[in-house]
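Below are the chains, spelled out letter by letter.
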Amino acid sequence: MEELCSRYAEDDRDLQDKIRCFLNDRSIDAVTGIRRMGRENLVRFVSEMGSPDCTIFPDTSGRIVIFYHWLDMDSPAQMILKENPDKDILYGQDLCHQVPAVVRYNVKKE
């Protein structure tokens with residue numbers, strides 16, 4: 001992972017704790033990264049922390065599959081879930097004030 005200009009030891013420790021909770025509790029909708037970390041860096045960091053259970057699309061071998069951005073995922077996510085409804089699908093999102101997030105994809109139940 002690239003070095004981050006705004007990364008402090010306490011931020012990193014807090015971020016790791018938040019990511020662990022997020023990956024282990026499917027009722028948590030999102031985890032936010034450090035300001036100016038960047039969405040792709042956060043996606044990679046989450047994937048590394050969840051490895052080997054967590055993979056980045058197009059690799060769908062993990063229990064958790066992450067997309068770099070929500071724009072890339074709609075049809076592929078639906079196909080992944082059709083084949084394996086227990087997969088946990090996540091995606092990167094840019095929030096305001098240069099804060100990235102990884103969000104849990106929730107399928108609408110009709």
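Residues numbered from 1 in each chain as written. Predicted model: local features only at pLDDT ≥ 70, side-chain atom pairs only at ≥ 80, totals over all residues. Heavy atoms only, no water.

Visitor: Could you give an account of the pairing of strand β3 (residues 64–67), with specific residues and numbers?
Guide: Burial along β3 is two-sided: I64 and I66 facing one way and V65 and F67 facing the other are all buried. Here β3 runs beside strand β4 (residues 88–94); their pairing, made up of four bridges, is parallel. Pairing of I66 across the sheet is with L90, part of β4. The parallel pair β3 and β4, bridged by helix α3 (residues 74–83), forms a crossover whose chirality is right-handed. (Buried < 20%, exposed > 50% of the residue type's maximum accessible area, 1.4 Å probe, protein only. Helix = DSSP H or I, 4+ residues; strand = E, 2+ residues; numbered from the N terminus. Pairing = 2+ DSSP bridges. Right-handed = clockwise from strand over helix to strand, strands pointing away.)

Visitor: Give me the pairing of β4: which residues, what numbers.
Guide: The buried fraction of β4 amounts to five of the seven residues, a majority that puts the element mostly inside the structure. Pairing of β4 with strand β5 (residues 100–104), which is carried by five bridges, proceeds in the antiparallel orientation. Note on β5: the bridge partner recorded for Y91 is V103. Where β4 hands over to β5, the hairpin turn is made up of five residues, of which H97 adopts a positive phi near 60°.

Visitor: If you had to explain the pattern of salt bridges to someone new, which residues and values would you point to?
Guide: All told, the structure shown has five salt bridges when counted by the stated rule. R39 is paired through a salt bridge with D94; the nearest N and O atoms lie 3.1 Å apart. Taken together, the residues span a long stretch of sequence, with R39 in helix α2 (residues 39–50) and D94 in strand β4 at a distance of 55 residues. Assessed through its relative accessible area of 17%, R39 is described here as buried. Where R44 meets E40, a salt bridge forms, and the shortest distance between an N and an O atom there is 3.9 Å. (Salt bridge = Lys/Arg side-chain N within 4 Å of Asp/Glu carboxyl O.)

Visitor: Give a description of α2 that names residues and reports values.
Guide: Look at α2: 17 Å from first C-alpha to last across 12 residues, which is about the 16 Å you get at 1.5 Å a residue. For α2, the complete set of buried residues consists of R39, N41, L42, V43, F45, V46, S47 and G50. (Expected span 1.5 Å × (residues − 1).)

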